[in-house]
Amino acid sequence: MFLFLGIFAGLYLSWPGLLIPLNWKCFNEIIAKSAEDKISFKAALEISPSYLLKGKNKKTSSKIRIVADACFR
């Protein structure tokens, strides 16, 4: 029980908009558009310059973080 409470508290502190349904709609739209090789302006603003300057080895976790930061913060 403490493990799940800790995970939930950590996610909520990182992304306070996690429980708002409108933010999940944003998240789903960005995922759907990324499959078509389109990116929303909101998600483009969340990408840090250091991420762009690194090589092409982008991990899935860093991609999820960028999309979550764009919608849940």
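Residues numbered from 1 in each chain as written. Predicted model: local features only at pLDDT ≥ 70, side-chain atom pairs only at ≥ 80, totals over all residues. Heavy atoms only, no water.

**Overview of the nonpolar core**
Threshold: As used in this record, nonpolar core signifies buried Ala, Val, Leu, Ile, Met, Phe, Trp, Tyr and Cys residues forming a set joined through side-chain atoms within 4.5 Å. Each residue's exposure class comes from its accessible area (1.4 Å probe, protein chains only) as a fraction of the maximum for that residue type: buried when under 20%, exposed when over 50%, partly exposed otherwise. A helix here means a DSSP run of H or I that spans at least four residues, while a strand means a run of E at least two residues long, and both kinds are numbered starting from the N terminus.
Judged by nonpolar contacts, Trp15, Leu18, Cys26, Phe27, Ile30, Val67, Ala68, Ala70, Cys71 and Phe72 together constitute the single largest core of 10 residues. Of all the secondary structure elements, the ones that give two or more residues to this core are α2 (21–35) and α5 (60–72). The leading source of residues in this core is α5, at 5 residues.

**Focus on the environment of Asp69**
By the secondary structure assignment, Asp69 is in helix α5. Remark: the alpha-carbon pair of Asp69 and Gly17, spanning 52 residues in sequence, is separated by 9.7 Å.

**A few points about the confidence of the model for the protein**
Spelled out, the test is: The pLDDT value expresses, per residue, how confident the predictor is, ranging between 0 and 100.
In the predicted model, the protein carries a mean pLDDT of 75, and 66% of its residues have values of at least 70. Averaged pLDDT values over the elements of the protein bottom out at 58 in helix α4 (residues 49–53) and peak at 90 in helix α1 (residues 2–14).

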